[in-house]
Amino acid sequence: MAKTRSSISPHVLIFPVPAQGHINCMLKLAEILCLSGINVTFVNTQQNHSRQLSFGNLHSRFRQFPGFCFETVPDGLSDDQLHSAGCHRPEDLVNDSFNRIQNIIAPGFRELLTSDRFRSDARGPVSCIIADGMYGFAIDVAEELGIPSISFRTVSACCTWICFCTQKLVENGDIPFKEEDMDRPIRSVPEMESFLRCRDLPSYYRDKEVNRRNLDLISTETLYSIKATAHILNTFDDIEAPILSHLRSYCPNLYTIGPLNALLNTLRCSTTTNSSSSSLPVSSNASLYAEDRSCMTWLDGQPEKSVVYVSFGSIATVSPEQWLEIWYGLINSSHRFLWARRPDSLLIEDGDDSQIHAELVEATKERGYTVDWAPQEEVLNHPAVGGFFTHCGWNSTLESMVAGVPMVCWPHLADQQINSRYVSEVWKIGMNMKDDFNRVTVEKLIREMMVDKRDELMKSTMKVAEMARRSVSREGSSYRNYEALLEFIRKSC
Ligand code: UDP
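Residues numbered from 1 in each chain as written. Predicted model: local features only at pLDDT ≥ 70, side-chain atom pairs only at ≥ 80, totals over all residues. Heavy atoms only, no water.

- Going by an unreviewed UniProt entry, the protein chain carries the name Glycosyltransferase and comes from Papaver atlanticum.
- Per UniProt, the comment on the protein chain under Sequence similarities (unreviewed entry) is "Belongs to the UDP-glycosyltransferase family." (UniProt positions renumbered as here; feature names shortened; annotations may be inferred.)

Written out as structure tokens, the structure is:
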């Protein structure tokens, strides 16, 4: 007899935007659901899938779950097109991704879901779609199939809330804003009236041609996402409660289940040893780059809390001049550092990197170490790491919070500006670098983080780390919200 929906386990399909930060947290959610006995299909775009297979540990990580499988949809990319060294400004990369999402990825996804592909699947038909918050088309597909859709926005709640206030910002004449208005206060975003400046708004609110289309798309997708049956945010109630109550007025069925790296650790611990969630997270990322683990051995030889870890994520780029300023700032601070320098992060217009000075290379050998790509979560949890010089991507920010590592934030684009304002002004777990940075500022802020303001910074950093860990313990808000999400998913099949 054919299986009916009510006689089988739920089958959740998860579909992230094809970028490292989005994939990492959605794969964590996939593993968490698998650990709870849910069948999961994870949809990757083709090129990212082959990159993850060559660099990551995906096979060993998911082999243990018979109910898990990958599917791919076309992305229209040739093998050498994505992340070729020094070719892309991040805004262009984002623009290009939006084009491919609309023209290639969305039709491919619709075809996958409406084809016969899942009719003969032993796990039963897909009973719920969890799609990136930027994928309004997935909500429509779910509606056509008569199944619930869950919209998962992978940025912070504070950024999501600003996106919901876009119309108000436009009506007030606050956005788009010009370079000279960076420090102008913004009063039209509830909960942020006392500290928000133009420079803290998401980068696509800046008055630049390249941003216009991105801004339109983001505000349209934000309003459209309200149509989803439920919503997920990778955050926890203790740090974003006031914002979350505003968001719940738009999206009442909102599950805050973060930090997902820590929740995954709780689930892993409870399914293997039944022990508590207090042990530190192990690396669980699906890297689009080859991880260089030699830095772990280097860290083993460094004194406790002595090293500044430096990384600007998977999209941000730096000019050769900025690269040198960072390097001089690090060397002049006299602190040890581990720098994950993604090769395609150096924006070289003419292919010339001869500005990199021999004296810096020599000084780096004495107290620094560089890799192309690091096992970041493990690095942040290593006892030798005492600070993080970061672009403040949301995953990096959460990983740093959970590890109890204070930050110097140098935001580049998207939600990074508002994240870094919250890090410095609200949570007080780091300092925020303005746009016009140089070697003197880098040196000063690193010294403040490691020495001059260390005690006060560590007090709040440890408090936030404790709240983060508590939220994913069995009595914590994120754990309870996750149980409610499971209930919702089970009811859907
Ligand atoms: N990451 C990593 N190794 C690196 C740099 C980054 O594993 O050398 C991971 C990091 O742990 C995080 C993700 O890449 O999970 C970056 O996501 P985030 O949201 O911080 O920034 P984005 O890359 O989206 O700008």
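The discussion continues.
### Things to note about the overall build of the protein chain
Working step 1: Across its full length, the protein chain carries 19 helices and 13 strands.
Working step 2: Taking 493 residues into account, the globule formula puts the C-alpha radius of gyration at 23 Å, and the protein chain, at 22 Å, falls close to it.
Working step 3: In terms of principal-axis extent, the alpha carbons of the protein chain reach across some 75 × 55 × 45 Å.
Working step 4: For the protein chain, the residues scored as buried account for 63% of the 493 residues in total.
Working step 5: Of the accessible surface of the protein chain, which amounts to about 19,400 Å², a share of 50% is contributed by carbon and sulfur atoms. (Helix = DSSP H or I, 4+ residues; strand = E, 2+ residues; numbered from the N terminus. Rg over C-alpha atoms; globule rule 2.2 N^0.38 Å. Buried < 20%, exposed > 50% of the residue type's maximum accessible area, 1.4 Å probe, protein only. Areas by Shrake-Rupley, 256 points an atom, 1.4 Å probe, with all protein chains shown as cover.)

### Section: helix α12 (residues 320–332)
Working step 1: With 13 residues, α12 should reach 18 Å at 1.5 Å per residue; the first-to-last C-alpha distance of 18 Å fits that figure.
Working step 2: In terms of residue burial, α12 counts as a mostly covered element, since 10 of its 13 residues are buried.
Working step 3: Every buried residue of α12 is accounted for by P320, W323, L324, E325, I326, W327, Y328, G329, L330 and I331.
Working step 4: Where α12 is buried, its residues meet β8 (307–311), β9 (336–340), α13 (358–367), β11 (385–390) and α17 (439–452). (Expected span 1.5 Å × (residues − 1). Contact = heavy atoms within 4.5 Å.)

### Overview of the packing of aromatic side chains
Working step 1: Evaluation of the coordinates by the stated rule reveals 25 aromatic pairs.
Working step 2: On the numbers, 4.7 Å between centres and 35 degrees between planes, the contact of F15 with Y135 is tilted. Note that F15 is positioned in strand β1 (residues 11–15) and Y135 in the loop between β4 (128–132) and α5 (136–145), a separation of 120 residues in sequence. Note on accessibility: F15 and Y135 belong to one class, buried.
Working step 3: Both rings, one in Y255 and one in F488, keep their centres 6.1 Å apart while their planes meet at 50 degrees; by these two values the pair is tilted. You can see Y255 sitting in strand β7 (residues 254–256) and its partner F488 sitting in helix α19 (residues 477–491), a full 233 residues away along the chain. (Phe/Tyr/Trp six-rings, centres within 6.5 Å; stacked < 30°, edge-to-face > 60°.)

### Notes on the pattern of salt bridges
As a working rule, side chains carrying opposite charge can pair if their charged atoms are close by.
Working step 1: If you walk through the whole model with that rule in mind, you get 25 salt bridges.
Working step 2: Among the ionic pairs, E31 bridges to R268, the shortest N-O distance being 3.0 Å. Taken as a pair, E31 in helix α1 (residues 20–35) and R268 in helix α10 (residues 260–272) lie far apart in primary sequence, 237 residues in all. Each member of the pair, E31 as well as R268, carries the same accessibility label: buried.
Working step 3: Ionic pairing is found between R199 and D183, a salt bridge with its closest N-O pair at 3.0 Å. Separated by 16 residues along the polypeptide, R199 in the loop between α7 (166–171) and α8 (209–225) and D183 in the loop between α7 and α8 bring together distant segments of the chain. (Salt bridge = Lys/Arg side-chain N within 4 Å of Asp/Glu carboxyl O.)

### A few points about the environment of L13
Working step 1: Topologically, L13 is positioned in strand β1.
Working step 2: A relative accessible area of 0% means that L13 is categorised as buried.
Working step 3: With residues up to four places along the chain from it excluded, the contact list for L13 reads T41, V43, F109, L113, F118, V126, C128, I129 and I130.

### Examining the packing of helix α4 (residues 90–114) against α5
Working step 1: Running from amino to carboxyl end, α4 crosses α5 at an angle of 20 degrees, the nearest separation of the two axes being 10 Å. With respect to α5, the axis of α4 lies roughly parallel. Crossing hand, α4 versus α5: right-handed. Mapping the contact onto sequence places I101, A106, F109, R110 and L113 in α4 and F137, A138, D140, V141, E144 and L145 in α5.
Working step 2: Tallied by class, residues from the contact of α4 with α5 come to 8 nonpolar, no polar and 3 charged. (Axes fitted to C-alpha atoms, helices over the stretch in contact; angles between N-to-C directions. Parallel < 35°, antiparallel > 145°, perpendicular 65-115°, else oblique. Left-handed = near helix turned anticlockwise from the far one by under 90°. Nonpolar A, V, L, I, M, F, W, Y, C, P; charged D, E, K, R; others polar.)

### Some remarks on the site of the ligand
Working step 1: Around the ligand, a shell composed of 19 residues is seen, among which S314, A374, N395, S396 and E399 lie nearest.
Working step 2: Going through the elements one at a time, α1, β8 and α15 (394–403) are the ones with two or more residues in the shell around the ligand.
Working step 3: A domain split of the shell around the ligand shows at least three residues from each of domain 1 (9–154 + 228–274 + 472–492) and domain 2 (289–469). (Near = heavy atom within 4 Å. Domains from an automatic or database assignment.)

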